Amino acid sequence: MTQTTDARVDVGGLSDGPDVFARLTSPYRRELLAYCYRMLGSIHDAEDLVQEIYLRAWRAHETFEGRSSPRTWLYRIATNACLTALENRKRRPLPSGLGGPAEDPEGPMAPPPEVTWLQPFPDRMADTGAEDPAAIVAARSSLRLALIATLQYLPPRQRAVLILREVLALRATEVAELLGVSVPAVKSLLQRARAQLDQAAPYEDRTSETSDARRRELLDRYATAFENADVTALIGLLTEDAVLEMPPTPTWFAGREPIGRFFASRVLTEPGLFRTVPTAANGQPAVALYRRGPDGVHHAHAVTVLSAHEMGITRVVVFRDPDLFDLFGLPPALGPAPAGTGRSGGGSPAPDEPAP
């Protein structure tokens, strides 16, 4: 879950011009993006902030004195930018962080509240080119959706200290200098962050216990069941205590039986209504859902992130935000379905509440 620091450079390195500046700072862009996402819970906000961080860094590059590495210097700028961005902002939750589960899958769905929701993080944007399997697993683990959701409960400075120390492996002295506080203050902030994290954790996350092969198998079977509107097969993939969330809808369900009733009555009403494309987010298996519109074309509808365990799928989070598809490198619509897939041809989506 940790990342190594880089070596220090000559004092004049960053002031030698834009080409040198880019060469020395660009290797950290993706990890800074992941850091800002962990802090903010939004991939859109993180992208905007990274642009601002590099602009701030360029404007201040001539003042870089080489007492720390370029990486640590950039993280100082990034942390200050994140803390400023988080001022007067509420945390980004998932529906399960706002209240208890709904009891009637066939009942009315609650209207979307005025809430800024947590967003998923495309794995394609987290790839830093690491070849060490342990480093890859650590990077995935530090972006788990459950962890990001839990981090949102921490005050911004505690959040920063926890990420800098336990995810990025910066030394306590580096973090103290970065935040302009003492080393004992850093240790105190970290201790309080750990305690609050344990108390605030909204649910158990067991994705780290799952093999890659098992995750791929569950993802493939989930996608097939969804396309074929096979509720029985889909329910068979869920654990008994599975959870379904569908931001921006605040209504969520806990338990295999209520989830199955919801899918059967509101979502999987006919084969071919949905088509799927496998992807990955937050180090977890994910599937992009395309829903057939009145024009017969399958349009971008939602990105579903799965929490998988050897026993099955423990959590399904359906982010109904078509704007996410571009970040995942996915098209806004799919062409005609391949022949022989068993999917139905035309038709229009079933009326009712928006389906996940």
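Overview of the structure. Everything numeric here is computed off the predicted structure, so don't read it as measured data.

This brings us to the state of the cysteines. As enumerated under the stated definition, the model contains zero disulfides in all. No disulfide involves Cys82; its nearest neighbouring cysteine sulfur is the one of Cys36, lying 3.8 Å away. Owing to a relative accessible area of 0%, Cys82 belongs among the buried residues under this scheme.

A few words now on helix α8 (residues 172–179). With six of its eight residues buried, α8 lies for the most part within the structure. Where the residues of α8 are buried, they touch α4 (70–85), α7 (156–167) and α9 (183–200). Gly180 occupies a position one or two residues after α8 and carries a positive phi of about 70 degrees.

The next point concerns unusual backbone geometry. Here Pro247 and Pro248 are connected by a cis peptide whose omega angle stands at 15 degrees. Residue position: Pro248 is located in the loop between β1 (238–246) and β2 (249–254). Phi at Ala169 is positive, roughly 60 degrees, even though this residue is not glycine. Relative to the helices and strands, Ala169 resides in the loop between α7 and α8. Although it is not a glycine, Ala229 adopts a positive phi angle of roughly 55 degrees. Relative to the helices and strands, Ala229 is located in the loop between α10 (212–227) and α11 (231–237).

As a further point, take the pattern of salt bridges. Across all of its chains, the model carries 16 salt bridges by this definition. One salt bridge in this structure joins Glu217 and Arg214, with 3.0 Å as the shortest N-O distance. Within this pair, Glu217 and its partner Arg214 are both found in helix α10, separated by three residues, close to a single helical turn. Overall, Glu217 belongs to the partly exposed group, its relative accessible area being 34%. Since its relative accessible area comes to 15%, Arg214 is described here as buried. Here Arg315 makes a salt bridge to Glu245, at a shortest N to O gap of 2.4 Å. Note that Arg315 is positioned in strand β6 (residues 312–319) and Glu245 in strand β1, a separation of 70 residues in sequence.

One finds Tyr35, Met39, Phe121, Leu145, Leu151, Leu164 and Leu168 to be the most contacted residues of the largest nonpolar core, which totals 72 residues. Of the residues forming this core, the biggest block, nine residues, is contributed by α4. Every residue in contact with Tyr35, bar those within four places of it in the chain, is listed here: Tyr75, Ala78, Thr79, Cys82, Ala160, Ile163, Leu164 and Leu168. One finds Ala229, Met246, Phe262 and Ile313 within the second-largest nonpolar core, a separate group that totals 31 residues.

Parameters and conventions
The numbers attached to residues start from 1 for each chain and follow its sequence in the written order. Per-residue local features are limited, in this predicted model, to residues with pLDDT of at least 70; the limit for side-chain atom pairs, both in listing and counting, is 80 or more; totals at the level of whole chains, interfaces and linings are taken over all residues. Just so you know, side-chain values use all the structure's heavy atoms and leave hydrogens and water out. Disulfide: a pair of cysteine sulfur atoms within 2.5 Å of each other. The rule is simple: take the accessible area with a 1.4 Å probe, protein chains only, and divide by the maximum for that residue type; under 20% is buried, over 50% is exposed, in between is partly exposed. Helix and strand definitions here come from DSSP, where helices need a minimum of 4 consecutive H or I residues and strands a minimum of 2 consecutive E residues; each element is numbered from the N-terminal end. Any two residues having at least one pair of non-hydrogen atoms within 4.5 Å are treated as being in contact. Salt bridges are identified by distance alone: a Lys or Arg side-chain nitrogen within 4 Å of an Asp or Glu carboxyl oxygen. What makes a nonpolar core is a set of buried Ala, Val, Leu, Ile, Met, Phe, Trp, Tyr and Cys residues whose side-chain atoms join them at distances within 4.5 Å.

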